[in-house]
Amino acid sequence: MTCKDQSDELIFFINGRKPVSHFSVNACLLPIVSLHGVAVTTVEGVGSTKTKLHPVQERIAKAHGSQCGFCTPGMVMSMYTLLRNIPEPSIEDIREALTGNLCRCTGYRPIIDGFKTFCGASKCCQNGNDTKNCCLDQEPELNQEDDEISSELFKTDDFLPLDPTQDLIFPPELMLLARQQGSGRLVFQGERLCWISPGNLAELLELKAQHPSTPLVIGNTTVGPNMKLKGVSHPLIIAPAGIVELSVVKNLEDGISFGAGCSLSVMKDELKRVVSELSEEKVEVYQALLQTLSCLAGKRIRNMATLGGNILSANPKYDLNSILSAGGCTLTLASKDPFLFPGGLREIHLNEEFFTGFEKTAIRPDEVLLSVYVPHSRQWEFMLAFRQAQRREFSFSIVNSGMKVVFKEGTNVVDDIRMFFGGVGPTMVRTKHMCQELVGRPWNEELLTEACRLLLDEIPLQASAHGGMVEFKKTLTLSFLFKFYLHVLQRLREKGLCVDELPSEYLSALKSFRNEVPQGQHRYQVVSAAQFSDDPIGRPYLHQSAFKQATGEAVYYDDLPSIEGELFLVPVTSSRPHAKIISIDAAAALSMPGVAAFLSAPDVPGNNRRSWFGDIEELFVEEEVTCVGQIIGAIVADTRENARRAVECVKVTYEDLTPVLFTIEEAIEQQSFYNPQRKLERGSVDGAWESVDHIFEGEIYMGGQEHFYMETQGLIAVPKGEDGEMELFAATQHAAFTQEVVATTLGVEANKITCHVKRLGGGFGGKVMKIASLSAIAAIAAHKTGRSVRLVLDRGDDMLITGGRHPFLGRYKVGFMKDGTIVAADIIYYSNGGNTLDESLFIMEKALLHMDNGYRIPHLRGRGFVCRTNLPSNTAFRGFGGPQGLMVIESVLHEVAAKCGIPTERVRDMNMCREVSLTHHKQLFDPGDMVRCWEQCLQQACVENRRLAIQEFNKNNRWRKRGLCTVPLKFGVSFSKGFHNQGAALLHIYKDGSVLLTHGGTEMGQGINTKAIQVASRILKIPMSSIHITETCTGNVPNAAPSAASFGTDAVGMAVKDACEKIMKRLKPIMQENPKDTWAAWIKEAYCQKVSLSATGFFMGPHTNVDWEKGEGMPYYYFTFGACCSEVEVDCLTGDHKNIRTDIVMDVGQSLNPALDIGQIEGGFVQGLGLYTIEELQFSPEGVLRTRGPSQYKVPALCDVPAQLNVSLLANAHNPHAIYFSKARAAGDMGGIGEPTVFFGCTLFYAIKEAIAAARKDSGLSGSFPLSSPATPEKIRLACVDRFTQMVPAVEPGSFTPWTIGV
Ligand SMILES: Cc1cc2nc3c(=O)[nH]c(=O)nc-3n(C[C@H](O)[C@H](O)[C@H](O)COP(=O)(O)OP(=O)(O)OC[C@H]3O[C@@H](n4cnc5c(N)ncnc54)[C@H](O)[C@@H]3O)c2cc1C
Ligand code: FES
């Protein structure tokens, strides 16, 4: 993007003074017309597997930073851009560059590991000290005797060097264009929108006068999302990006004037420079702005978003207005009318009066914001900014604030004070009265008490306020005030004034969490020295598609080119939770441009019902909707936009029905449960209560989780034109089920339907069930129109329609002895199944089967009820009920420890199974490896020492508390429905010796293809590069089981082994006859001898089953074990927390591929971190999912990964049942070995709970307290009861309409 200034110099943003600069941006928010004159580099232009990889692409791939690969191009481009601007970046530069790039698979650590190799030694993390390694020096301190243990997952020796001279140059023709362009206006006229880019300021003002209601768009980061997601339309847009006056930064004597069109990145850079140059007293407001800018959105948004846009969007959640207002900023406005204001300019103060309503300001419609003047601060002036968000970075603030106080010179008497708050009402709030009352008073405890009292009176939040969290928001305003008070007190003390004491333990209120890049140590057992060097088993080979994923060449279903005449399908969904459909009128929709058809139940040629183990689910609702988001019909049109617009015109009339149930509590009250209910019992729970020292009852609620795979669900259905044949290119984890459902829907035999799956951009269990229904719907449309049909759910629809992880409520009664030994536990599990059963029963069964987590509780009973509610049906999700079942028992252990007053790990230790015994479902289980994991974890994490350190820390810090939690894990592997435990593969060898392998699993990032190739390579004794997997296809491998239950690689690996062994048996005579020949020669000879070079492989897995009548059985082939220890620090005043360190020891048997396994473990853990501490689905009281996109629903980002994340694979662990003694590897559904480790996220939850308990203790509170999962800032803050929470009046439940309900 270039613009000209008066001196005819080519620049990018005038204050940048660079000939050409590089900016990473969000493509989805960038209108193509705004790119006139700009050179755009996409991931494909950076490097390619066909020519040459760019070092960024090579390193992310080789460091195992690409799993499903869907996020990889974005990561590559953020890093590439950084290197174009800073060839030798610091680790902080890298961290900043990646803020806002989300990955749902990797856990970020391997991405950082790859990218930090670009840092020079001098630019390392600076984290190194006596006790901690620096990021460039991560060799774990391996025991000298451990020469079998390695920490090396990739080698850096052969990395391509970064050679900036090889990078693309800015195209000379664009240089020329920029010079020739002059100040001409650019006009782009589209079908529905006209985009005008004025050539100069006069033209801009003229245009604004002519079209006063037209938005000015530079960054498009407010207008764009409004148009895309909220249905706002603008026939005309004025785009003044090239106007020099809007981009100028002027350093004036008393302050800085920023052009309103300056991007937030430019502003940040400029502030950074100014802060380093000016004296401390002048930069208070700049420091406050800088602090906020460093966590406002992500780098790419900051590159686009402008200062003017941020102010004039007038959104109280945006951060800058409260700071700029407190800082005393003025705005310069320009308009065409010079008579109204001299020179057409006027100045106006930025304050509460400027904001006249939500998204409304006092600026006249014909005015343009020219610049923003931010004055230097003066002596005796102190300023701070605050914000608290759902996630520390890349998240809108819940409450933000700018506070400034000016003292009478040389005193602690307040001369002036201003406080502004955003997020506590429809517009920014100024606590004017409070501030007036404080003027003239000394800065002391009395002032604080009075300020707190007055503050709340001016916060206008009603109990049912938009956005909810009313108590939290009010408490935050007090917490910010308190922090400000302490900060200023400290500053006054530093100035030598005699003011109130500041207890040292209160200083903890002033610290802010530093975002660090995660560091980690990995340990795995290397293969034996006797293993052939070219045998890949057990070695850290990189993901087979990693390079293609890093170059953007990897093909996902929506990358397939459209077929001529292709139509796009958008579903029509129910807006009522429970209602009878009276009529559907699609006439208006059908008359819209491009619309080909409307489809509903009568259009289904076969069966409109999907059947799954007896559970019937309608594809199109026929008569009665039972949740918001249920599919009633669909529109197919020539484009996605036309289909979307038409969907808005389909009129559905309803008659509301009762009951309407959303929550587990409501379902319990109405006894609304699916059948059957399940029960498991060991010992005699009812008889045990009398023999115990103590009994208590409690409960824990755990919210659901959205899969948030980066690639949303969808497919392309292609009718073949004869015999009812149809091909599907679908993002499914269960191709055979998709095929089966489509066939029954179309009323044809399965042999007419072929389902292809190349790869998935993440699945996590979410692409097993609903995708089959979506495929059937697209197939109906393809059948009806005879044209190929593409369905790609947008994020909002995906989240609304497809369901997620089940919320669970666990209620328990527990009997234990004085020393912490648990004797009896009676647990009732309720899950929120939603409006259909789907997989809910099996998920509940898994929760029950995992309820013991390897603890020896002699009398243990679990009962499970799946609640039928009017929410979208919940479904499989990585862990499949395990994380919920395990969470409840850990809650029991945590409470027992708290009641006994002993460390939680001691209670866990004493209750852990140590001998071979029967589980509560009477399966034999040897806990040996679990105990080894546990002990190694305790030792590796130095739990004993760190416990002492935490005690000391908590004693010395009143407003920061730390907590620690270690849990063991026993996790069952394989399907409990035994017939699913099978795997199949097909192997073809061609005459040139190349091998084509197919299997029934689906590749979704977990590396199942890589491992399948490793297995084949070992048996065939040929290089991995000679073996190719092209796709999963029902036409090649029929009736495959879902890639699920941590059993994918076991089943597929065994099947591949079987196929390879068959071939080798046939080749053996030829090989023996010509032992010196090559593979290619043997194959040629075999062909000539008419030996079949194609083989199927099959694996018949174990006959697992549970007799639920008797409550016993062997549901799992084997167990995998692990242990995890996490430490967190909580900011008791804001509810923020930081994950300090996590240590994981995992038993994977003998790892087939340590790099993939460690990647899965970390990825699973980070998803669990999201589950238990961040991700919160919010439903309205009407049952509408409010969190339908990344703005509202937060998944873990880089800042959430523990600063230290260490993973060890248990050494000398074998598993006689699995392929090459491995365990739970790369299984599909939910990520294989990454599936069990989701549960480890709960260590953070319980560590947080422990930290909160320490805070409560300081407030004189002891005893148990409720905390539901996820432990969000809101819940943490409100649980850390103190004088501020007690000032906020509690709202009476039932006395108001809440913003959200806990389902
Ligand atoms: C993913 C994401 C995360 C974000 N996170 C945060 C966050 O954490 N904190 C935060 O504060 N903000 C956040 N934002 C908001 C972002 O900072 C604002 O959207 C941005 O600053 C607006 O600038 P823009 O140039 O993109 O505005 P545009 O969308 O181009 O315009 C916004 C509005 O401002 C008006 N306008 C713009 N410039 C002028 C002018 N010179 N004169 C008159 N009217 C003008 C336009 O008419 C329009 O109505 C986020 C945005 C996104 C997309
Ligand atoms: S690899 Fe990052 S989202 Fe899958």
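Residues numbered from 1 in each chain as written. Chains lettered and ligands numbered in written order. Predicted model: local features only at pLDDT ≥ 70, side-chain atom pairs only at ≥ 80, totals over all residues. Heavy atoms only, no water.

The name given to the protein chain in an unreviewed UniProt entry is Aldehyde oxidase 1, with the source organism recorded as Acipenser ruthenus. Check the Sequence similarities (unreviewed entry) section of the UniProt entry for the protein chain; it says "Belongs to the xanthine dehydrogenase family." (UniProt positions renumbered as here; feature names shortened; annotations may be inferred.)

**Student:** I tried to follow the overall build of the protein chain on my own but got confused; where do I start?
**Tutor:** The helix and strand inventory of the protein chain stands at 36 helices and 48 strands. Taking 2.2 N^0.38 as the reference for a compact globule, 1303 residues should give roughly 34 Å; the C-alpha atoms of the protein chain span a radius of gyration of 31 Å, in line with that estimate. If one aligns the C-alpha atoms of the protein chain with their principal axes, the spans along those axes are about 95 × 80 × 70 Å. Buried residues in the protein chain amount to 64% of all 1303 residues. (Helix = DSSP H or I, 4+ residues; strand = E, 2+ residues; numbered from the N terminus. Rg over C-alpha atoms; globule rule 2.2 N^0.38 Å. Buried < 20%, exposed > 50% of the residue type's maximum accessible area, 1.4 Å probe, protein only.)

**Student:** When you look at the sheet that holds strand β18 (residues 522-525) in this model, what are you seeing that I'm missing?
**Tutor:** Either a parallel or an antiparallel arrangement is found when strands of a sheet pair, and the pairing is made through backbone hydrogen bonds. Reading across the sheet, the six strands line up as β3-β18-β48-β47-β46-β38 and stay open at both edges, with mixed pairing between neighbours. Taken across any chain shown, the strands that pair with only one partner, and hence form the sheet edges, are β3 (149-150) and β38 (960-973). Judged from the nine bridges that link them, strand β46 (residues 1118-1131) and strand β47 (residues 1137-1146) form a sheet pairing that is antiparallel. The partner of Cys1124 across the bridge, within β47, is Ile1144. (Pairing = 2+ DSSP bridges.)

**Student:** Quick question: what am I supposed to make of unusual backbone geometry here?
**Tutor:** One can expect most non-glycine residues to show negative phi and most peptide bonds to be in trans. In this model, Thr658 is joined to Pro659 through a cis peptide bond whose omega is -5°. Assignment of secondary structure puts Pro659 in the loop between β26 (651-656) and α20 (664-670). With omega at -5°, the peptide bond leading from Asn675 into Pro676 counts as cis. When you line up the elements, Pro676 lands in the loop between α20 and β27 (678-682). Positive phi, normally seen in glycine, also occurs at Phe708, with a value near 50°. Structurally, the position occupied by Phe708 is in the loop between β28 (694-702) and β29 (714-719). Among the residues examined, Phe708 registers a relative accessible area of 2% and is labelled buried. Phi is positive for Lys1021, which is not a glycine, with a value near 60°. Its location among the elements puts Lys1021 in the loop between α30 (1008-1020) and β41 (1027-1029).

**Student:** Is there a simple way to think about the site of ligand 1 in this case?
**Tutor:** Around ligand 1 sit 29 residues, and of these Thr221, Thr222, Thr306, Asp319 and Leu369 come closest. One of the backbone nitrogen or oxygen atoms of Ser395 is found 3.5 Å away from an oxygen atom of ligand 1. In terms of residue class, the shell around ligand 1 is made up of 17 nonpolar, ten polar and two charged. (Near = heavy atom within 4 Å. Polar contact = N/O pair within 3.5 Å; in protein donor to acceptor, adjacent residues only side chain to side chain. Nonpolar A, V, L, I, M, F, W, Y, C, P; charged D, E, K, R; others polar.)

**Student:** I keep staring at a nonpolar patch on the surface and nothing clicks. Help me out?
**Tutor:** There is a patch of nonpolar side chains on the surface, built from Val916, Leu918 and Leu924 and spanning about 300 Å² of accessible area. In this structure, Leu918 sits in strand β36 (residues 917-918). Among the residues examined, Leu918 registers a relative accessible area of 44% and is labelled partly exposed. (Patch = residues over 30% accessible without salt bridge, like charges linked within 9 Å, V, L, I, M, F, W, Y side chains within 5 Å. Areas by Shrake-Rupley, 256 points an atom, 1.4 Å probe, with all protein chains shown as cover. Salt bridge = Lys/Arg side-chain N within 4 Å of Asp/Glu carboxyl O.)

**Student:** Whenever I open this one, helix α15 (residues 445-458) confuses me. Can you help?
**Tutor:** Residues that lie three or four places apart on an α-helix share one face, since the helix turns once every 3.6 residues. Between its first and last C-alpha atoms α15 spans 20 Å; for 14 residues at 1.5 Å apiece the expected length is 20 Å, and the two agree. Of all the residues in α15, the buried ones are Leu447, Leu448, Glu450, Ala451, Cys452, Leu454, Leu455, Leu456 and Glu458. On its buried face, α15 is in contact with β16 (414-422), β17 (429-430), α14 (432-438), α16 (470-494) and α36 (1283-1287). (Expected span 1.5 Å × (residues − 1). Contact = heavy atoms within 4.5 Å.)

**Student:** Looking at this structure, I do not really get the packing of aromatic side chains. What am I missing?
**Tutor:** What characterises a pair of aromatic rings is the spacing of the ring centres plus the angle enclosed by the ring planes. Taken as a whole and judged by the stated rule, the model has 30 aromatic pairs. Between the aromatic rings of Trp612 and Phe613, the centroid separation amounts to 4.9 Å while the plane-to-plane angle is 90°, which identifies the pairing as edge-to-face. In this structure Trp612 comes out as buried when scored by relative accessible area, which is 7%. Under the relative-accessibility criterion, Phe613 is labelled partly exposed at 38%. Considering the side-chain rings of Trp959 and Phe1284, the 6.3 Å spacing of their centres and the 45° angle between planes classify their relative orientation as tilted. With Trp959 in the loop between α29 (943-956) and β38 and Phe1284 in helix α36, this residue pair connects regions lying 325 residues apart in the sequence. Classification of Trp959 by relative accessible area gives buried; the value is 2%. A relative accessible area of 0% means that Phe1284 is categorised as buried. (Phe/Tyr/Trp six-rings, centres within 6.5 Å; stacked < 30°, edge-to-face > 60°.)

**Student:** Which parts of the structure should I look at to understand the pattern of salt bridges?
**Tutor:** Side-chain pairing between opposite charges can occur once the charged atoms of the two side chains come close. Scanning all chains against the criterion turns up 79 salt bridges. One salt bridge connects Arg908 with Glu890, and the closest N-O pair in it is separated by 2.6 Å. With a gap of 18 residues between them, Arg908 in helix α27 (residues 904-911) and Glu890 in helix α26 (residues 882-900) connect regions that are remote in the sequence. With respect to class, Arg908 is no different from Glu890; both count as buried. Put simply, Arg914 and Glu935 hold a salt bridge, and the shortest N to O gap is 3.2 Å.

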